[in-house]
Each structure stands twice: as C-alpha cells, then as structure tokens.
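# Working through the structure, step by step
For reference, the chains in residue letters:
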Amino acid sequence: MDTPTSDFVRAGSLAELQAKGRLVVHGRHPPILVIHDGGHVFALDNRCPHMGFPLDRGSVEDGILTCHWHHARFDLASGCTFDLWADDVPTCAVELREGEVWVRSSFGRGDPSQHWRRRLDDGLAHNLGLIVAKAVRGQLAAGRPARDVLRQAALFAVQNRDGGWGVGATILTALGNLVPVLPEEEIYLALFHGARRVAADCDGEAPRRERAPLASRPDPATLERWLRHWTAVRHREAAERTLLTAIASGASPAALAGLLLAAATDRAFADGGHSVDFINKACECLDLIGWEHASAVLPSVVGQMVAARGAEETTAWRHPVDLVRLCEASAAELRALFAAARRPQAWSDHAQLAAALLGDDARAIMEALGAAVVAGASPADLGRSLAYAAALRVARFGTANEHADWETALHAFTYANAMHQALKRIGSEEGGHAGGIDAVRGVLHGAMALYLARYLNVPPARLPGEPGCRLDDLPDAVEDIRAALLDAFDRQRQVDQAGRLVARHLTLGHPPDALIATLAQGLLREDAGFHAYQMLEAGVRQFGEWGDTAQGRHVLIAIARYLAAHSPTERAMFQTADIARRLLRGDELHHET
C-alpha cells in the first residue's frame, strides 16, 4: 500500500512485514524493497544497481542481501556493495508509527553532484564501466557542466599512469573537443566513452611520480636546447624537470607548445605520428580544463616523446630515396625562405598546394612547399594544406587495399591535423607569418609520410559528388539521409555508400551540423577503437577550416568512409550506457520478470 504523508509512504504493517520477511512498495517513485531481518527494518531501492534486477527475488543471510542475477552482494544496513562492479544500492529512511512501517519515498544521497563525483573517482580507480556511466550521467543530471566532468577524468588520467599520456587521455580530449557540436544526449555518451577509456588506460598502472622544476630560471633558448638534448639521449627525468621549469617560469601556452614541438620533431614522424599528436592533444586538453593544470598535464607527454622511435630509423625513409636527408635540406631552405618572404594580404592556395603534396615525386613535393612559402604561405598555411591532402588520402582510399592499410592513411591525417593545430597555436603568438618556423619541419615529415602512403590511392576511389557521379538514387530529406547513413553503419562493406550519403546531404544544401551530429551518433554507439575517435575529431576540426565547400565535403566524406570501414561492432558499451541511463531515470529494467 502506498499512502503518502509528506515524503513518506506507508509500506504496510509491521506484523505483515515480519510474517512475509519483505515487501515491495510501488508508486510514483522507484520501487522500494522493505526487509525485516534480525529485528530491524531496512528499506532499499528494489532495483539491483548493476543491471536493475528486482532485489526482492534475492536472498538475505547474515545481514547480506544477494542478488541472484549476477550474484552481487550488499550490506543490508547501508546498501554498500561487497562487489565493486555492482555499485551501492540506494537506501531510504524508515519510521515505525504505531505498528505501521513508513519509508521515505526518495533515496538520500545528500548533494547528488558530489555523490556522483565521488562515484566517478571510484569507477575510474577500479575500471568499472557501469559505475563510470552512472557517475557521468548522474553529474550531468545534477547540473554539473560537462567541462567539469572532463576535467575530473583528465586529471585522473595524468595522475594515475606513470607511463604518461596515453590512448585514454587522447580519446577523452578528442571527444571533449566535440562536445560543442554534439546534441545533449550524445554529450553523455562522449564523456562516458572518454572516461571509461581513461579507466582502462590506467588500470594496473603505477601512479605518476611527481617531479619538481629546477630552482633556477634559465632563459627560453637554454630550456629549449636542454629539452632537445635530454629528448635525444632519452633522459625522461631531466626532460620533465626542464619542461616543468619552463612552466614555472611563466611560459605562455604557445611557447610551451613550441618548446615541445621543437624537441619532438628532432625525430621524423616519431612513433608513426603519435608523438606530435599526443603533444597537441595535451595542449588541447589544457584549453578545455584550464592552463593552470599545465604542470600536471604537459609532463605526461615527455615519457612517450623521449622514448619515441623516429622514422629515420626505418628502411622506407632511407631507401630508395633518403627522405630524412631530403627533409633536413628542405628545412634549412624553408628557414631562409621564410626569413626573406614578404607575406601578401592573404595566401589562399591551400587546395592547390594539397594537390601537389599528393604527387609521386618527393623532391617535387618539397619544391612545392618552398614555392608556397615564397608566395606568402605561413607555417600554419602549410599545415592546413597538408591536413587537407591527408584527408584526401582517406577519402580516396581504395577498398582493394588490406583493411589494416586504413590505419596508414589515418596516421598521416591525424598527424597532419595535429601539426596544423600546433602551428596555429604557435603562430598566434609569434607573429602569424613567422610563427612556427622551427617546427615547420614537422610539415615536411608529414608530407613524406603522405608520399610513402601514395599506393593507398592506386587506383583512387572516386569522390562522390564529382561530375558524372550520380547521387539522385539516394534519399532527399535530412531525416531519410540520416536514417540511411546510420543503417549503412549497421552493416559491413558500406564504405562507398556512406561517402555517397554524406555527399548527398551536403550537395542538397542540408545543414552540415546535422550531418556531423549523425556521424558522431554513429561512432558513439560503437565499441570504437582509438583511431575512429581520432578520425572523427580531426575531421570535424578540418571541416571547420573549410566550411561547406567542396574541400569541406571531401573531409566529411573521409570521416564517413573510415567509420563505415570500422562498423559495426558489438556495441557492448552502448548497452552499458543505456542501462545506466535507464537506472538513473527510475526505470524497472526487469519489471517483466
């Protein structure tokens, strides 16, 4: 029986409860399980916090309530679980009034925001996906800004993995960058995926060992020279202390990015481009959570940076053409060209330079970059052209290649995007045209990585939307195109169809934001790999450079083709997120049982 008095409801008589052992109270509140055990009365949420199974179907022994669905066990008095993967059962207050049992119809947790913040710490520490999902959902429902949730997960990532910045932190930051373009429901999924990958990345890892800056404050040139030296000889501790000294000296974000990029690009395309990408992502993470956390975040990239293997150590970069030597000579020439060049009002030949970067003559590619500098291109301009050229490698990826070859194209694109973003950051402070000259050799490395991947476009896939490529057999309406695209992601071998649907949406003049939201939805329901998150975020970044133009269309086609090549997956994490959402909404997931 459920007769409300204030916020209490009547559960039944004490005699009835003693006779039956347990009662379930239903009403406009979640179902409440009332149990009499050992002379005491307890009230708990009747839904197992793990999967929502009715706890009244469980058993009580020695003060322990056991759910027989997955054998999760709970302290009857507090609701606390003995099995961390299950989470705690919410409890509610009980009052005995003249032989009647009354229970509060709400579960007391004090400040919901703080409760779920603590639970997120627990979920991250123990790598518990469902706890992470519920904690992210709970914080958002309590009104906590998405950026606060992201900050909590990001700081956990860098403080609890002595191996340094990793896949989890990169995914978290990439998805954090996408939050402004995501619908509200997808923000929850984005933060959940980012946080659960941080938890997996840190699972079993030693916590980070803190290091202190030097007591002196050397000038920036000395700090750069030292950092490059320590990186070259792979001395992590010395490199970290040098970087921390630069931070303590008050170096700006642009200066810190330039410092790290100078050291990282002493090796060509280090670790397949990941070294530069991680540095850029760490800087972007600080853009999201605040640069006051620089001393916690930036040193996390140093371990990977000093240990990275450069492409100069590989045969492909040395024979039949010594690309490393070519890059070194071209870098010296570009420095002189930048020093002499006068930038016109605006240089805008990015697409033309991108076409040249896709050529099959390494020396001609270097000459094209030099010609662009003479014509007025800045380092950031070169980075933008490189990123578009790399996107075209993906958009034109021939499906006759091995599936693993997608990653070769992906690495070139995400590296190029990272270089572009880093050069924009550095150039914004150093004077636009001149800013980033020291780091521009990273563009040369990216151009050669792109050159080595030219076989991926032999033969090239046709770009949908080009003259002679029909699209009129596809749906017209926005919602119909969206449904068709998500349907394509439900099936294998839909690479070309996904690209055609993107072209259809954009050539009809439909809003790009709606298309980006659909691409994000398609990704966030998957158990996606690291590279898929990179692809979406880098692609959206580059689309922002071009807007709704032919080049912007090509970038979004590249995203769709890559995602289609890696879909569908089991979608187990989407189910976990959905269970958390329904539990927090008050649904009885197993009511039918």
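Shown above is the structure to which this text applies.
Notes on the structure in this doc start here. (Residues numbered from 1 in each chain as written. Predicted model: local features only at pLDDT ≥ 70, side-chain atom pairs only at ≥ 80, totals over all residues. Heavy atoms only, no water.)

### Some remarks on the nonpolar core
Heads up, the condition is: Only buried residues count toward a nonpolar core. Its members are Ala, Val, Leu, Ile, Met, Phe, Trp, Tyr and Cys residues joined through side-chain atoms within 4.5 Å. Only protein chains enter the calculation, and the probe is 1.4 Å; a residue is then buried if its accessible area is under 20% of its type maximum, exposed if over 50%, and partly exposed in between. Secondary structure counts use DSSP, requiring at least four H or I residues in a row for a helix and at least two E residues in a row for a strand, with both numbered from the N terminus. It only takes one pair of heavy atoms within 4.5 Å for two residues to be counted as in contact.
Counting residues in each nonpolar core, the largest one holds 168 residues, and the members touching the most others are Trp165, Ile289, Leu298, Trp317, Leu369, Leu382 and Met448. Broken down by element, the residue count for this core peaks at 12 residues, all from helix α17 (residues 405-430). Every residue in contact with Trp317, bar those within four places of it in the chain, is listed here: Ala268, Phe269, Ala311, Asp322, Leu323, Val324, Cys327, His445, Met448, Ala449 and Leu452. With 15 residues, the next largest nonpolar core counts Leu33, Ile35, Leu44 and Cys67 among its residues.

### Details of the packing of helix α3 (residues 129-141) against helix α24 (residues 572-585)
We count it as follows: For helices, the axis comes from a line fit to the C-alpha atoms of the stretch in contact; other axes are also lines fit to C-alpha atoms, and the angle between any two N-to-C directions lies between 0 and 180 degrees. When an angle is under 35 degrees it counts as roughly parallel; over 145 it counts as roughly antiparallel; between 65 and 115 it counts as roughly perpendicular; any other value is oblique. Each crossing gets its hand from how the near helix is turned against the far one by less than a right angle, where anticlockwise is left-handed and clockwise is right-handed.
Two elements in contact, α3 and α24, have axes whose closest approach is 9 Å; the angle formed by their N-to-C orientations is 50 degrees. It follows that α3 is oblique to α24 by the angle criterion. Classified by chirality, the crossing of α24 by α3 is right-handed. Residues Gly129, Leu130, Ala133, Lys134, Arg137 and Gly138 of α3 pack against Thr576, Ala577, Ile579, Ala580, Arg581 and Leu584 of α24.

### Let's talk about the sheet that holds strand β7 (residues 64-67)
Convention followed: In this description, strands pair whenever DSSP reports at least two bridges between them.
Strand order across the open sheet formed by three strands is β6-β7-β8, with antiparallel pairing between neighbours. Edge positions in the sheet fall to β6 (59-61) and β8 (72-75), since each has one partner strand and no second. Shown here is a sheet whose adjacent strand axes are inclined to one another by a mean of 25 degrees, direction ignored. One ladder, built from three bridges, connects β6 with β7; its direction is antiparallel. Bridging from a neighbouring strand, Val60 pairs with Leu65 of β7.

Any functional reading would require information beyond the geometric quantities listed.
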